[in-house]
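Topology and contacts: notes
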Amino acid sequence: MLTAFFGSLIGWILALAALVVGALIGFFLRRTSDRPIVRAAKDQAQKLLEEAQREAESLKKAMRLESKEEALRARGELERENLERKQELHNLERRLLQREEHLDKKSEGADQKVREIEEQGRRSLDIEHAAKEKLKESEEMVKEWIRRLERISGMTSAEARKILVTQMTEDARREAGGLVRRIEEEAREKGEQEAKRIIGTAIQRYAADHVAETTVSVVELPNDEMKGRIIGREGRNIRALEMATGVDLIIDDTPQAVFLSGFDPVKREVARQALVRLVTDGRIHPGRIEEVVEKVKKEMDKHVLETGEQAVFDVGLEGIHPEILRLLGRLHYRTSYSQNVLLHSKEVAHLSGLMAAELGADIKLAKRAGLLHDIGKAADHEAEGSHIQVGQDLCRRYNEGPLVLNAIAAHHEEEEPKSLEVVLVCAADALSAARPGARREILESYIKRLEKLEEIGDSFPGVEKTYAIQAGREIRVIVEPGAVSEAEAIFLTKDIARKIEEELTYPGEIKVTVIRETRTIDHAH
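Residues numbered from 1 in each chain as written. Predicted model: local features only at pLDDT ≥ 70, side-chain atom pairs only at ≥ 80, totals over all residues. Heavy atoms only, no water.

**Observations regarding the overall build of the chain**
Across its full length, the chain carries 15 helices and eight strands. Residues classed as buried in the chain amount to 31% of the 525 residues present. Of the contacts formed within the chain by residues at least 6 apart in sequence, a portion of 61% connects residues at least 24 apart. Accessible area for the chain stands at about 35,000 Å²; split by element, carbon and sulfur atoms hold 54% of it. (Helix = DSSP H or I, 4+ residues; strand = E, 2+ residues; numbered from the N terminus. Buried < 20%, exposed > 50% of the residue type's maximum accessible area, 1.4 Å probe, protein only. Contact = heavy atoms within 4.5 Å. Areas by Shrake-Rupley, 256 points an atom, 1.4 Å probe, with all protein chains shown as cover.)

**Description of the nonpolar core**
Of all hydrophobic cores here, the largest spans 42 residues; its most connected members are Leu328 and Ile375. Counting residues per element, the ones that place at least two in this core are α7 (286–315), α8 (322–330), α9 (341–359), α10 (363–372), α11 (387–397), α12 (402–410) and α13 (420–434). Setting aside its immediate chain neighbours within four residues, Leu328 contacts Gly308, Val312, Leu342, Leu371, Leu372 and Ile375. Counting residues in each nonpolar core, the second largest holds 27 residues, with Val219, Ala240, Val258 and Val296 among its members. (Core = buried A, V, L, I, M, F, W, Y, C linked by side-chain atoms within 4.5 Å.)

**Describing the packing of α7 against α9**
Running from N to C, α7 and α9 point in directions that differ by 20 degrees, and their axes come no closer than 10 Å. By the criterion of interaxial angle, the relationship of α7 to α9 is roughly parallel. Considering only the axes of α7 and α9, their crossing is right-handed. On α9, the residues touching Thr307, Ala311, Asp314 and Val315 of α7 are Leu342, Lys346, Ala349 and His350. Counted by class, the contact of α7 with α9 contains four nonpolar, two polar and two charged residues. (Axes fitted to C-alpha atoms, helices over the stretch in contact; angles between N-to-C directions. Parallel < 35°, antiparallel > 145°, perpendicular 65-115°, else oblique. Left-handed = near helix turned anticlockwise from the far one by under 90°. Nonpolar A, V, L, I, M, F, W, Y, C, P; charged D, E, K, R; others polar.)

**Here's the deal with the confidence of the model for the chain**
Averaged over the chain, the pLDDT score is 79; the fraction of residues at 70 or greater is 82%. Note on residues 209–216: pLDDT is under 50 here. Beyond four places in sequence and across chains, it has 24 contacts. (pLDDT = per-residue confidence, 0-100.)

**So, the pattern of salt bridges**
Per the counting criterion, the structure on display carries 17 salt bridges. Linking Glu269 and Arg272 is a salt bridge whose minimum nitrogen-to-oxygen distance equals 2.7 Å. Taken together, the residues span about one helical turn, with Glu269 and Arg272 both in helix α6 (residues 265–281) at a distance of three residues. On the basis of relative accessible area, Arg272 is assigned to the partly exposed category, the value being 21%. Connected through shared salt-bridge partners, Asp281, Arg283, Arg288 and Glu291 make up one network. (Salt bridge = Lys/Arg side-chain N within 4 Å of Asp/Glu carboxyl O.)

**Quick word on a negative patch on the surface**
Together, Glu100, Glu101, Asp104, Glu108 and Asp111 give the surface a local cluster of negative charge. Inspection of the secondary structure puts Glu100 in helix α2 (residues 36–153). For Glu100, a relative accessible area of 47% translates into the label partly exposed. (Patch = residues over 30% accessible without salt bridge, like charges linked within 9 Å, V, L, I, M, F, W, Y side chains within 5 Å. Lys, Arg positive; Asp, Glu negative; His and termini not counted. Charge placed at Lys NZ, Arg CZ, Asp CG, Glu CD.)

**A closer look at the sheet that holds strand β7 (residues 474–479)**
Here we have three strands laid out as an open sheet, ordered β6-β7-β8, and mixed in their pairing. Edge strands, defined here as strands with exactly one partner in the open sheet, are β6 (463–469) and β8 (511–516). Direction aside, the axes of adjacent strands within the sheet are offset by 20 degrees on average. The sheet contact formed by β6 and β7 spans six bridges and is antiparallel. In the strand pairing of β7, Tyr467 is matched with Arg476. (Pairing = 2+ DSSP bridges.)

**Observations regarding α11**
Taken as a whole, α11 has its buried residues at His387, Ile388, Val390, Gly391, Gln392, Leu394 and Cys395. In the stretch just after α11, Asn399 is the one whose phi turns positive, near 65 degrees.

**Side note on the packing of α11 against α12**
Running from N to C, α11 and α12 cross one another at 170 degrees; their axes reach a closest spacing of 9 Å. In this view, α11 runs roughly antiparallel relative to α12, as classed from their interaxial angle. Residue-level inspection shows Ile388, Gly391, Gln392, Cys395 and Arg396 of α11 in contact with α12, the latter providing Val404, Leu405, Ile408 and Ala409. Of the residues in the contact of α11 with α12, the class split is six nonpolar, two polar and one charged.

**Considerations on the packing of aromatic side chains**
One pass over the full model with this rule turns up zero aromatic pairs. Sitting over the ring of Phe460, Lys499 keeps its end group 5.4 Å from the ring centre. (Phe/Tyr/Trp six-rings, centres within 6.5 Å; stacked < 30°, edge-to-face > 60°. Lys NZ or Arg CZ within 6 Å of the ring centre and 35° of its normal.)

So this is what it looks like as structure tokens:
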């Protein structure tokens, strides 16, 4: 449309320009009409004017046609746009109608579900109300039956409940006792066979001396005159020796002998070797004493380390901290019930490794835990606490594993064993301590322990007599058959064993046997 407008405007401007040119030419011709050139120009101007008018008319027509065509195109585009918009509006209206129908259907379904839920709720309330009524009727019936039973039996419900509980408890104990006995018998038969085989194999493959060495604390002298030389003028020699070694020297009427007294077995051994060298050399004075003691100490430190290294080598281990090796070497001079602790530790390590091999367990771990289970005895006189606490602290300081720490505590039942290897260490420790000739006890403490065992057994009701046998490794308890049933005898065995564990300290293990025997005697005349 703008093109048509501008085209029309241009046509009018051209026509106006032609008229102006024609007027000017006419004016000029009128003034010069008497000349032929003027007339020719006038004719020429007339022709130009006519041509300009014709061109203006043709241009005007062309511009009109173009404007009409442009208007038609614009109208066609508008009509197409209107159609497209109408189509879009129609599609949108159709989708809206479909969505409205879908929502109506959903609303109807939701209303139906709400009505169903309300109906179910009403039915549930009716059922709950009916159940409460039934429960109330049942409770009334139970109360009525309880009242009838109380009238018939002549006792209250609490008394009847007590009698019933007592009877059920007794029945349960009898059944449990029988079941426990059958299970224990089966497990004992299988376990004893396998344990005997494993232990027998381990003992056959490892042999050690039955009687272990003990630390010597007596120095023999060539004659009694040597006692005076050891004492020295005004006792200066003996004082110098005691100060240098930290051990007390006891010189009494015992002929040709000097006794050494001290809690540290290594210091006592240093004092013994130094005194032997001084007696052999014959030169005994404070300067010489300090010189010999210092030399023996250096040799002893080296010997202790070599002893520890040799023990580790004998067991077949490696990667043990040097301080642990020194502590193992110190165990060579420590005894327990006259049993050499280092030999005991090596024996436990070997037995643990052999049994671990039989069971497919970790042999290295079993040997390591067995060798170090009594390591605390090498330093228990220097630190507070039992040798178990001291041993765990030392092994923890030198980065030993948690199972080694567990074995140190478990072999005295202060912790539960956490692996098969720890259980084997506990068994090997008991085996090494309990075998014949391994340990010796003082007669007085031995008798007291036997008496205490019999006293513990006699303290339980229904026990007729308790006997300690096999050097205190077993006690046999005779019970009255009328007072103790077979099921109660099983629990009595466990109670006696538990009380022994709580009240006594002993090496190895103690077997508790309860004997219940009924005899019927009659005479034929």
